[in-house]
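Listed here are the chains, written in short residue letters.
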Amino acid sequence: VQVRNSALVQARSRPSPASTDRSGRSALMRRIKGADTGPECSLRRLLWTNGLRYRKHLRVHGVRPDLVFPRQKIAVFVDGCFWHGCPEHYVLPRSRRDFWLAKLDANTDRDRRQTGLLQSQGWLVLRFWEHEVEMAPLQVAEHISQAVSHGVYTPASGWIVTMVEPLSDDGQMERWHLQDRYDQDLRTIEVRVRSTRKWPRKQSRPE
Ligand SMILES: [Zn+2]
């Protein structure tokens, strides 16, 4: 793990009360590996109770999506808002900017390549943000269910942030470079006021 500032990462990934009980490092490791995090668990339960049978972290064409429906050739990813460049929740840390920007660039580049590779092999790729899975698991489950039944997925938006340039000395104004997750040719640039807004995190989760 290259991450040294675990306190920062934990703050960004908003650990649940349950995960703060454990050591910071193991909570961080779980999040990095994307395995068995709270929201993803709830989603899996929801799918399971709706009769949707997936494989977890199955390797397809060298890629390991979070959920795989092999027969329907559907790959589902749940992307952490900080690590994968959520356009609503990415926050460029104030210190060690180059390190974090390189990280964001590498992660989003890999995501794009993996999405493109799977698509080129005839797979339908569904990528959801951690905040969507946490805030609207039913809606996410419905999208997956529709995709499994009909082989189609119409995302509301595919934007990811791939680069952030601070524009002012106080670091309040930023230029955001956005790219579409599913269509690499679709790009845009936005000037924004720096925001550290979070989504409302549930106080406790049924485990
Ligand atoms: Zn988000």
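Given the structure is predicted, the values throughout are model-derived calculations rather than measurements.

## Considerations on unusual backbone geometry
Okay, so step 1: Positive phi is not limited to glycine here, since His 61 has a value of about 50 degrees.
Okay, so step 2: One can find His 61 in the loop between strand 1 (55–56) and strand 2 (67–69).
Okay, so step 3: The backbone of Arg 96 shows a phi angle near 55 degrees, a positive value even though the residue is not glycine.
Okay, so step 4: On the basis of relative accessible area, Arg 96 is assigned to the partly exposed category, the value being 35%.

## A few points about the pairing of strand 3 (residues 74–79)
Okay, so step 1: In terms of residue burial, strand 3 counts as a mostly covered element, since 6 of its 6 residues are buried.
Okay, so step 2: Burial along strand 3 is two-sided: the residues Ile 74, Val 76 and Val 78 and Ala 75, Phe 77 and Asp 79 are all buried.
Okay, so step 3: Two elements, strand 2 and strand 3, share 3 bridges in a ladder whose sense is antiparallel. In the strand pairing of strand 3, Leu 67 is matched with Val 76.
Okay, so step 4: Between the antiparallel neighbours strand 2 and strand 3 lie 4 residues, among them Lys 73 with a positive phi of about 55 degrees.
Okay, so step 5: Where strand 3 lies against strand 4 (residues 124–129), 6 bridges are found, and the strand directions are parallel. Bridging from a neighbouring strand, Asp 79 pairs with Trp 129 of strand 4.
Okay, so step 6: For the segment spanning strand 3, helix 5 (residues 97–120) and strand 4, crossover handedness is right-handed.

## Structural notes on the sheet that holds strand 6 (residues 173–180)
Strand pairing in a sheet is mediated by backbone hydrogen bonds. Such pairs are either parallel or antiparallel.
Okay, so step 1: Taken together, 3 strands build an open sheet; the order of strands is 5-6-7 and the sheet is antiparallel. Of all strands in the sheet, those with a lone pairing partner are strand 5 (159–166) and strand 7 (187–193), marking the two edges. Averaged over all pairs of adjacent strands, the angle between strand axes in this sheet comes to 25 degrees, irrespective of strand direction.
Okay, so step 2: Relative to strand 7, strand 6 runs antiparallel, the two sharing 7 bridges. For Met 173, the partnering residue across the bridge sits in strand 7 and is Val 193.
Okay, so step 3: Lying on the sheet, helix 5 is in contact with strand 5 and strand 6; it crosses strand 5 at an angle near 160 degrees.

## Thoughts on the coordination of the zinc ion
Okay, so step 1: Within the protein, the atoms that donate to the zinc ion are Cys 81 (SG), Cys 86 (SG), His 89 (ND1) and His 131 (ND1), at distances of 2.0 to 2.3 Å.
Okay, so step 2: Here the zinc ion is ringed by 4 donor atoms whose angles at the metal span 101 to 122 degrees, and the overall shape comes out tetrahedral.
Okay, so step 3: Along the chain, the residues that donate to the zinc ion are spaced as C-x4-C-x2-H-x41-H. Of this pair, His 89 sits in the loop between strand 3 and helix 5 while His 131 is found in helix 6 (residues 130–135), placing the two residues 42 residues apart along the sequence. Just as His 89 is buried, His 131 falls in that class too.

Rules used in this analysis
Residues numbered from 1 in each chain as written. Predicted model: local features only at pLDDT ≥ 70, side-chain atom pairs only at ≥ 80, totals over all residues. Heavy atoms only, no water. Helix = DSSP H or I, 4+ residues; strand = E, 2+ residues; numbered from the N terminus. Buried < 20%, exposed > 50% of the residue type's maximum accessible area, 1.4 Å probe, protein only. Pairing = 2+ DSSP bridges. Right-handed = clockwise from strand over helix to strand, strands pointing away. Axes fitted to C-alpha atoms, helices over the stretch in contact; angles between N-to-C directions. Contact = heavy atoms within 4.5 Å. Donors = N, O, S within 2.8 Å, 3.2 Å for Na, K, Ca; no water. Tetrahedral: all angles 85-135°; square planar, octahedral: opposite > 155°, others 65-115°.

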